[in-house]
Amino acid sequence: MYGHKNVAHLPAGFPQFFEKGLGASIWDADGHEYIDMMCSWGPIILGHQNPLVDEAVRQQLAQGECFNGPSSRMVELAELLTDTVAHADWALFCKNGTDATTLAVAVARTETSKRKVIMANGSYHGIAAWSSSPTAAGIPADERAHTIRIEYNDVASLRAAVSEADDDLAALVLTPLRHDISRDLEPVSPEFARAARELCNRHNAVLILDEVRTGFRIDPVGSWTSLGVQPDLSAWSKALGNGHAIAALLGTRTLEAAATRITATGSFWFGSVPMAAALATVREIRRPESQAILTASGTKLQNCLRTQAASYGLDVNVSGPPALPFMTFANDPGFELSAVWARAALDEGAYFHPTHNWFLGTAHTDAVIDRVLNATDLAFARVARVTAEPGADRLLRAG
Ligand SMILES: Cc1ncc(COP(=O)(O)O)c(C=O)c1O
């Protein structure tokens, strides 16, 4: 239950319940404060209780949240997003990342009148039938019969999947980089991104970019824009509303008619307060000054983690873009060292996940990163002590 967000997957001692967040800090139900290096698994990109977002929320609450139809916040947000994201000509709003990725697949199938969807092994696009893993409980295998899996960054496996789909390929769904759980993050190879675009063009299929996790933390105009590759559809959520429940499917003009034909709605999809929150969030996060904080703080964190680990004789791999950093230890396939490190950092007041990439926000100022680095230094010291103990293997397994 609750998938990766269930605390049962974390080392003993990690809290499940939280009472408060402010800026870069969170407090658990027992009143312990931690610097939040997960940002609520991505949504909190401007810090908890960001004053700009909270003021927009207060103003909208004074007008109302839930009406018979949307408020004009929806039009304003669609205009802001199509002005921000390079490939986007229209927007469709929903609540969760899974809504947006699944609607993208529906639009692609409607446009092409085809069925097959290609996605990468290990990629997460939310829990829906089409994207579910072969071991998912409660989803019959025939509900994912039209999904073909490839290896991320492997052009040969992509070409093979396109051949397998034959003339039934509706969509290729990719994340902007490889950010699977329990492995180092891997940038997309430009060759792979270009092959994806070219194959979709050649086979009249739709290229869908899942920006749910990467959105606004790599490039607000779209994560593949700097590569010169644009998707036809992109799915956004998480950071879009700085913690308020909102997601968006963005698309190019050629897919607008198909998007208007799909049947998709939800009781809360027109909610005005999350749209007001998203307006404030996007206006703030697309500013170069905001992006500069993410880059500077993330780069400092990544560089200092490497230096700290080396000073204890520990071999680590720090990966990911600055605002989506991650770290693994060498020769630690079971993530035992990561668990010891994350648990020790928690004791020192910094909440890191041992097996999932972390998230930075603009509340992670230089001073906050310095406090985090105090915690990580002590965490590396704990790992160094544990690995030096006789019978370390057994101790590590015990967490
Ligand atoms: C890349 C990606 N796509 C889709 C989703 C699903 O989003 P949600 O949990 O909001 O449905 C997630 C959630 O973590 C994600 O990381």
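The protein is annotated in an unreviewed UniProt entry as Glutamate-1-semialdehyde 2,1-aminomutase of Candidatus Lumbricidiphila eiseniae. Under the heading Cofactor (unreviewed entry), UniProt records this for the protein: "pyridoxal 5'-phosphate". What the UniProt record of the protein gives under Sequence similarities (unreviewed entry) is the line "Belongs to the class-III pyridoxal-phosphate-dependent aminotransferase family."

Another point: the packing of helix α8 (residues 288-311) against helix α10 (residues 366-388). It is at 10 Å that the axes of α8 and α10 come closest, and there the two elements cross at 20°. The angle between the axes of α8 and α10 places the two elements in the roughly parallel class. For α8 against α10, the interelement crossing comes out right-handed. On α10, the residues touching Ser297, Lys300, Leu301, Cys304, Leu305, Gln308 and Ala309 of α8 are Asp366, Ile369, Asp370, Val372, Leu373, Thr376, Asp377 and Phe380. Here the residues of the contact of α8 with α10 sort into eight nonpolar, three polar and four charged.

Strand pairing in a sheet relies on backbone hydrogen bonds. The paired strands run either parallel or antiparallel. Strand order across the open sheet formed by seven strands is β4-β12-β11-β10-β7-β5-β6, with mixed pairing between neighbours. One side of each edge strand has no neighbouring strand; the edge strands of this open sheet are β4 (90-94) and β6 (147-150). For this sheet, the mean inter-axis angle between neighbouring strands, taken without regard to orientation, is 20°. Pairing between strand β5 (residues 116-120) and strand β7 (residues 169-174): three bridges, direction parallel. Bridging from a neighbouring strand, Lys116 pairs with Leu169 of β7. Packing against the sheet, helix α2 (residues 73-84) makes contact with β4 and β12 (247-251), and its axis sits at approximately 125° to β4.

What follows covers the environment of Glu348. Along the chain, Glu348 falls in the loop between α9 (336-347) and β15 (350-351). Between the C-alpha atom of Glu348 and that of Arg73, which follows or precedes it by 275 residues, the distance is 42 Å. Apart from the residues within four sequence positions on either side, Glu348 is in contact with Ala375 and Leu378.

This part covers the site of the ligand. Every residue lining the ligand is accounted for by Asn96, Gly97, Thr98, Tyr124, His125, Gly126, His179, Asp210, Val212, Arg213 and Lys238. Within the side chain of Arg213, a nitrogen or oxygen atom sits 2.9 Å from an oxygen atom of the ligand. Burial of the ligand by the protein chains amounts to 88% of its free accessible area of 390 Å². Taken atom by atom, the bulk of the ligand overlaps the largest pocket. Within the shell around the ligand, the residues separate by chemical class into two nonpolar, six polar and three charged.

With that settled, the discussion passes to the sheet that holds β15. Read across the sheet, four strands follow the order β1-β2-β3-β15 without closing on themselves; strand pairing throughout is mixed. Two strands close off the open sheet at either side, each with one partner strand: β1 (18-22) and β15. Across four bridges, β1 lies against strand β2 (residues 25-28) in antiparallel orientation. In the strand pairing of β2, Gly21 is matched with Ile26. Lying on the sheet, α10 is in contact with β2, β3 (33-36) and β15; it crosses β3 at an angle near 110°.

Quick look at the layout of surface pockets now. By volume, the largest pocket is sized at about 1,200 Å³. Lining of the largest pocket is provided by 43 residues; of these, His4, Lys5, Tyr124, Gly126 and Lys238 occupy positions nearest its centre. Per element, the largest residue contribution to the lining of the largest pocket is three residues, and it comes from helix α3 (residues 97-112). By residue class, the composition of the lining of the largest pocket is 13 nonpolar, 23 polar and seven charged. Of the domains in this structure, domain 1 (3-49 + 288-398) and domain 2 (51-285) are the two that each give at least three residues to the lining of the largest pocket.

Turning our attention to the packing of aromatic side chains. If you walk through the whole model with that rule in mind, you get eleven aromatic pairs. Plain terms: the ring middles of Tyr34 and Tyr351 are 6.3 Å apart, the flat faces sit at 70° to each other, and that makes the pair edge-to-face. Placement of the pair is Tyr34 in strand β3 and Tyr351 in strand β15, with a sequence separation of 317 residues. You'll find Tyr34 and Tyr351 in the same group, each marked buried. Between Tyr152 and Phe192, the ring centres sit 5.2 Å apart and the planes meet at 45°, which makes this aromatic pair tilted. Within this pair, whereas Tyr152 is found in the loop between β6 and α4 (155-165), its partner Phe192 is found in helix α5 (residues 190-202), the two being separated by 40 residues in sequence. One exposure class covers both Tyr152 and Phe192, and it is buried. In this structure an aromatic cluster arises from ring pairing among Phe326, Phe329, Trp341, Phe352, Trp358 and Phe380. Between Lys20 and the ring centre of Trp27, over which it is positioned, the NZ or CZ distance is 4.5 Å.

The rules behind each value
- Residues numbered from 1 in each chain as written.
- Predicted model: local features only at pLDDT ≥ 70, side-chain atom pairs only at ≥ 80, totals over all residues.
- Heavy atoms only, no water.
- UniProt positions renumbered as here; feature names shortened; annotations may be inferred.
- Axes fitted to C-alpha atoms, helices over the stretch in contact; angles between N-to-C directions.
- Helix = DSSP H or I, 4+ residues; strand = E, 2+ residues; numbered from the N terminus.
- Parallel < 35°, antiparallel > 145°, perpendicular 65-115°, else oblique.
- Left-handed = near helix turned anticlockwise from the far one by under 90°.
- Contact = heavy atoms within 4.5 Å.
- Nonpolar A, V, L, I, M, F, W, Y, C, P; charged D, E, K, R; others polar.
- Pairing = 2+ DSSP bridges.
- Near = heavy atom within 4 Å.
- Polar contact = N/O pair within 3.5 Å; in protein donor to acceptor, adjacent residues only side chain to side chain.
- Areas by Shrake-Rupley, 256 points an atom, 1.4 Å probe, with all protein chains shown as cover.
- 1 Å grid on protein atoms, 1.4 Å probe; cavity = no way out; pocket = protein on both sides within 12 Å on 5 of 7 lines; lining within 4 Å.
- Sits in = over half its atoms within 2 Å of the grid points.
- Points joined across faces, edges and corners; volume = space filled by probe spheres on them.
- Domains from an automatic or database assignment.
- Phe/Tyr/Trp six-rings, centres within 6.5 Å; stacked < 30°, edge-to-face > 60°.
- Buried < 20%, exposed > 50% of the residue type's maximum accessible area, 1.4 Å probe, protein only.
- Lys NZ or Arg CZ within 6 Å of the ring centre and 35° of its normal.

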